[in-house]
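Listed below are the residues making up each chain.
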Amino acid sequence: MIPPACCGRNSAIKASSDSNRETQRMMTLTGRPALWTLVLLLVLGHATARAAVEASVDRSRIALGDTVQLIISATGDDEELSAVDLAPLQRDWEILSRSTRSNTTIVNGKRSHERQLHLEITPRRQGALSIPPFQLGSASTRELQVEVGDAPQIDPGADSVLFEASVDRDSVYVQGQLILTLRLQQAVNLDGRSISDLDLPDAFVVPLEQKSFQRQVNGRPWLVHEVRYAIFPEQSGTLTIPAQSFSARESVPRRSIFDTNRGRLVRLQSEALNIEVLPRPAAFTAATWLPARNIVIEEEWSSDPAQLRVGESITRTVRVRGEGLQGAQLPPVLLPEVDGIKHYPDQPVINDTEISSGLLGSRSDSVAIVATRAGRVELPAIEIPWWDTGARTMRTARIPARVLKVAAAAPTTATATTDGASSAASSGPEPVIVQSGAVRVWQVLALACALGWLLTAGLWWRSRREVTGGSEEPAPARSPKAAYKSLLAACAADQPQQARKQLILWAAARCDRGITSLEQAATLLADPALTSELKALEQSLYGQDADSWRGDQLRAIVERLQRQRPAGQPQRDEQLRLYPAA
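- Going by an unreviewed UniProt entry, the protein chain carries the name Protein BatD and comes from Seongchinamella sediminis.

**Some points on the overall build of the protein chain**
Link 1 in the chain: Within the protein chain one finds nine helices and 31 strands.
Link 2 in the chain: Burial statistics for the protein chain: of 582 residues in total, 39% are counted as buried.
Link 3 in the chain: By sequence separation, contacts in the protein chain at least 24 residues apart represent 71% of the contacts at least 6 residues apart.

**Here we look at the sheet that holds strand β9 (residues 144-149)**
Link 1 in the chain: Taken in spatial order, the three strands make up an open sheet running β2-β9-β6, and their pairing is mixed. Where the open sheet ends on each side, the last strands, each with one partner, are β2 (61-63) and β6 (127-131). Going across the sheet, the axis of each strand differs from the next one's by a mean of 35 degrees, ignoring polarity.
Link 2 in the chain: Judged from the five bridges that link them, β6 and β9 form a sheet pairing that is antiparallel.

**Points about the pairing of strand β18 (residues 245-250)**
Link 1 in the chain: Every second residue of β18 is oriented toward a common face, the buried set being F246, A248 and E250 and the non-buried set S245, S247 and R249.
Link 2 in the chain: Note: strand β13 (residues 190-195) against β18, four bridges, orientation antiparallel. Bridge assignment links D191 to a residue of β18, and that residue is R249.

**Here's the deal with the packing of aromatic side chains**
Link 1 in the chain: Inspection of the entire model under this criterion finds six aromatic pairs.
Link 2 in the chain: Between the aromatic rings of F284 and W387, the centroid separation amounts to 6.5 Å while the plane-to-plane angle is 85 degrees, which identifies the pairing as edge-to-face. Of this pair, F284 sits in the loop between β20 (273-278) and β21 (291-292) while W387 sits in strand β28 (residues 382-388), and the two are 103 residues apart along the sequence.
Link 3 in the chain: Overall, the relative accessible area of 4% leaves F284 in the buried class.
Link 4 in the chain: Given the relative accessible area of 4%, W387 is considered buried.
Link 5 in the chain: The rings of Y173, F284, W289 and W387 are connected pair by pair, giving a single aromatic cluster.
Link 6 in the chain: Above the face of the F213 ring, R59 is positioned so that its terminal group lies 3.6 Å from the ring centre.

**Quick notes on the nonpolar core**
Link 1 in the chain: Counting residues in hydrophobic clusters, the biggest one holds 31 residues, and the most contacted among them are L180, L182, I231, I241 and F246.
Link 2 in the chain: Of all the secondary-structure elements, those providing two or more residues to this core are β10 (161-167), β11 (171-173), β12 (178-186), β13, β16 (220-233), β17 (237-241), β18 and β20.
Link 3 in the chain: Core analysis: the next-biggest nonpolar cluster, separate from the first, contains 27 residues, A483, L487, A507 and A508 among them.

**Comments concerning the sheet that holds strand β29 (residues 393-399)**
Link 1 in the chain: Strand order in the open sheet formed by three strands is β21-β28-β29, with mixed pairing between adjacent strands. Whereas interior strands pair on both sides, the edge strands pair on one side only; in this sheet they are β21 and β29.
Link 2 in the chain: When β28 meets β29, the two strands line up antiparallel, connected through seven bridges. Bridge pairing links W387 to M394 in β29.

**Concerning the confidence of the model for the protein chain**
Link 1 in the chain: Here the protein chain shows a mean pLDDT of 78. Residues at 70 or above account for 74%.
Link 2 in the chain: Low pLDDT, under 50, characterises residues 465-475; the stretch is placed with eleven contacts to residues that sit more than four places away or in other chains.

**Re the environment of Y229**
Link 1 in the chain: In this fold, Y229 is placed in strand β16.
Link 2 in the chain: According to the relative accessible area criterion, Y229 is buried, its value standing at 3%.
Link 3 in the chain: Distance from Y229 to Q177, taken between C-alpha atoms, is 9.7 Å for residues 52 residues apart in sequence.

**Focus: the packing of helix α8 (residues 528-542) against helix α9 (residues 552-563)**
Link 1 in the chain: Axis separation between α8 and α9 bottoms out at 10 Å; the angle between their running directions is 145 degrees. Regarding α8 and α9, the two cross each other, and that crossing is left-handed. Judged by residue contacts, A529, L530, E533, L534 and L537 of α8 engage Q553, L554, I557, R560 and L561 from α9.
Link 2 in the chain: Partitioning the contact of α8 with α9 into residue classes produces seven nonpolar, one polar and two charged.

**Some thoughts on α8**
Link 1 in the chain: In this model α8 runs 22 Å from its N-terminal to its C-terminal C-alpha over 15 residues, within 8% of the 21 Å that 1.5 Å per residue would give.
Link 2 in the chain: Within the span of α8, buried status applies to L530, E533, L534, L537, S540 and L541. Down the axis of α8, the buried side of the element spans an arc of 120 degrees, and every buried residue falls inside it. Projecting away from the buried face of α8 at angles above 90 degrees are the exposed residues P528, K535, Q539 and Y542.
Link 3 in the chain: Those residues of α8 that are buried are in contact with α6 (496-511), α7 (518-525) and α9.
Link 4 in the chain: Taking the backbone nitrogen of A529 as reference, a side-chain oxygen 3.3 Å away marks D527 as the first, capping residue of α8.

**With respect to a nonpolar patch on the surface**
Link 1 in the chain: On the surface, L447, L451 and L454 cluster together to form a nonpolar patch covering roughly 330 Å² of accessible area.
Link 2 in the chain: With respect to the helices and strands, L447 occurs in helix α4 (residues 436-466).

**A look at unusual backbone geometry**
Link 1 in the chain: The backbone phi angle of N218 is positive, close to 55 degrees, even though this residue is not glycine.
Link 2 in the chain: Secondary-structure assignment places N218 in the loop between β15 (211-217) and β16.
Link 3 in the chain: The backbone phi angle of A526 is positive, close to 55 degrees, even though this residue is not glycine.
Link 4 in the chain: Within the element layout of this structure, A526 appears in the loop between α7 and α8.
Link 5 in the chain: The class of A526 is exposed, set by a relative accessible area of 59%.

**Thoughts on the environment of S270**
Link 1 in the chain: Topologically, S270 is positioned in the loop between β19 (265-269) and β20.
Link 2 in the chain: The class of S270 is buried, set by a relative accessible area of 5%.
Link 3 in the chain: Residues S270 and S166, spaced 104 residues apart in sequence, show a C-alpha to C-alpha distance of 9.2 Å.

**Some words on α7**
Link 1 in the chain: Those residues of α7 that fall on the buried side of the exposure criterion are L518, A521, A522 and L525. The buried residues of α7 occupy an angular sector of 100 degrees when projected down its axis, which confines them to one face. Of the exposed residues in α7, the ones pointing more than 90 degrees away from its buried face are E519 and T523.
Link 2 in the chain: Buried-residue contacts for α7 involve α6 and α8.
Link 3 in the chain: Looking one or two places after α7, you find A526, whose phi comes out positive at around 55 degrees.

Quick notes on the rules
- The residue count restarts for each chain, going from 1 along the sequence in the order it is written.
- Local features in this predicted model are restricted to residues of pLDDT 70 or higher, and side-chain atom pairs are both shown and tallied only at a pLDDT of 80 or more, whereas totals for entire chains, interfaces and linings draw on every residue.
- Heavy atoms from the whole structure form the basis of all side-chain values; hydrogens and water molecules are not counted.
- In this description a helix means any DSSP run of H or I spanning at least four residues, a strand means any run of E spanning at least two, and both kinds are numbered starting from the N terminus.
- Per-residue accessibility, obtained with a 1.4 Å probe over protein chains only, is compared with the maximum for each type, and a residue is labelled buried under 20%, exposed over 50%, and partly exposed between these values.
- The contact criterion used is simple: two residues touch if any of their non-hydrogen atoms lie within 4.5 Å.
- Here, a strand pair is defined by DSSP locating no fewer than two bridges between the strands.
- Here an angle of 0 to 180 degrees is reported between the N-to-C directions of two axes, which are lines fitted to C-alpha atoms, with helices fitted over the stretch in contact.
- Classification of ring pairs rests on two measures: the distance between centres of Phe, Tyr or Trp rings, Trp counted by its six-membered ring, which must be within 6.5 Å, and the angle between planes, read as stacked under 30 degrees, edge-to-face over 60 and tilted in between.
- Two conditions define a charge sitting above a ring: the NZ of Lys or the CZ of Arg must be within 6 Å of the ring centre, and it must be within 35 degrees of the ring normal.
- Take the buried residues of types Ala, Val, Leu, Ile, Met, Phe, Trp, Tyr and Cys, join any two whose side-chain atoms come within 4.5 Å, and each joined set is a nonpolar core.
- Scored from 0 to 100, pLDDT records how confident the predictor is in each individual residue.
- Left-handed describes a crossing in which the near helix is turned anticlockwise from the far one by less than a right angle; the clockwise case is right-handed.
- Note on residue classes: Ala, Val, Leu, Ile, Met, Phe, Trp, Tyr, Cys and Pro are nonpolar, Asp, Glu, Lys and Arg are charged, and everything else, Gly too, is polar.
- Multiplying one less than the number of residues by 1.5 Å gives the expected span of a helix.
- The arc in question is the one traced by the directions running from the helix axis out to the C-beta atoms.
- Polar contact criterion, stated in full: a pair of N or O atoms within 3.5 Å, where within protein one must be able to donate a hydrogen and the other to accept it, and residues adjacent in sequence count only if both atoms are side-chain atoms.
- Residues enter a patch when their relative accessible area is above 30% and they make no salt bridge; the linking distance is 9 Å between like charges and 5 Å between nonpolar side chains (Val, Leu, Ile, Met, Phe, Trp, Tyr).
- Here the accessible surface of atoms and residues is derived via Shrake-Rupley with a 1.4 Å probe, and residues count as covered only by protein chains that are part of the display.
- Any Lys or Arg side-chain nitrogen found within 4 Å of a carboxyl oxygen on Asp or Glu counts as a salt bridge.

Structural data, given as structure tokens:
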């Protein structure tokens, strides 16, 4: 599950500018010893950092008789995983096998060592079973929960190869997540296993990680493979998942090198599935439709906001995570105009991560804030309404309003020197004491920074000379179907930045040309309605009304163009192949 939203100040706080000034003052007074003391403290702090110990399982829902992979990982050189006490685990679980692995990596001169203990376990009973914490030195893992259901029922007279399709729910909201599982169960060895490609024109499909495990049914061992997909329907009504095909050959031992017996050919089909896609409910009154299992929002500051001064800059990062959503569906978090500050947003970071329940989409929006006056400055609350697909109710993820007490700008060195000169002119000359050792240290640091900037600028200039063509790099190669689905998702979420990026990728894949701008895409696609809509998209991106852009019109145009297959473009028939059994 996603951890609860953070409502207070994030713990990742850097040293403030006041602390930097204090450090500089101390080094000026004490010279070199202060610098070496600081370095020594940093080295000792790094050496005493505690190693991390974690435990994870490959699945959180299983059936009685299934096996689960439990992995206990430890970083550091002093952790012996053989010392882990497994007795508490064996109360509810039987350990079938164990193995250890180790990995050492060196990155930028920093060495890291990781050890892993792999356990294959099977439950002793049904119900909600826990995997207890494991103690290793002063660190321990967190407790894990696994739901164990009824033992699967297989007809004793059934064939030795079974293939079926199932979904995690009978109904799903439009643009919500549906998990499809294609399950292959085999009691014999198979060669050349393959499953047909899943093609759903009215849904966005994301393949998830394939899983394999063993199962005992009435004393008979079975090897189970699961191929999973996260499906996001794009329109309400009935979503039909067509029957999926599986083919393989039964493995038979060869008696000689001249034996051409390839074994029995196995071809199976799953049943077609019909899923009810629910429309957006009237009870959801927000502008951006977000159907999810859970949404969390949290903030992080680059330094302590309580010590902000006029003229200083601070970076605020707001992260949104949605369980059961793609990152492209999450809305941007924008800071409105606030009296007393200027803000400069950065490019968002959007990611998708697979978890046990499907996809976990994330979005990070960073903005640099510069205080322009001293006093009280209030940042408004951030609220993201979303629809809880489990409880079927509207909820709101929220960061409360924050008040910044901006201090006046610190007196500069020039001002202090001027004041000192005026005082000296009136009261007579005073000796000036300069610590030459400290001055040399800062001079060396300043020279090193200057050389670093010159080197960076030279490398940048050289790389710019090697670039040919326009001011942007060509869009990376991507399949037309994936680019098309991503573009529809961006339009559905009313996100102009993502829509621009995905449209360029889609046009590049569709036309098989290097495209770097919306103007090039409009020229190659040569559609008047698309050209007009892309001009409106550009105006919203670089104008003041980016929040008001809606992607319905662009989405309709793209869907129409997608149905018009370019001449000479063949229909691709890709197959998802199962990996062979170990």
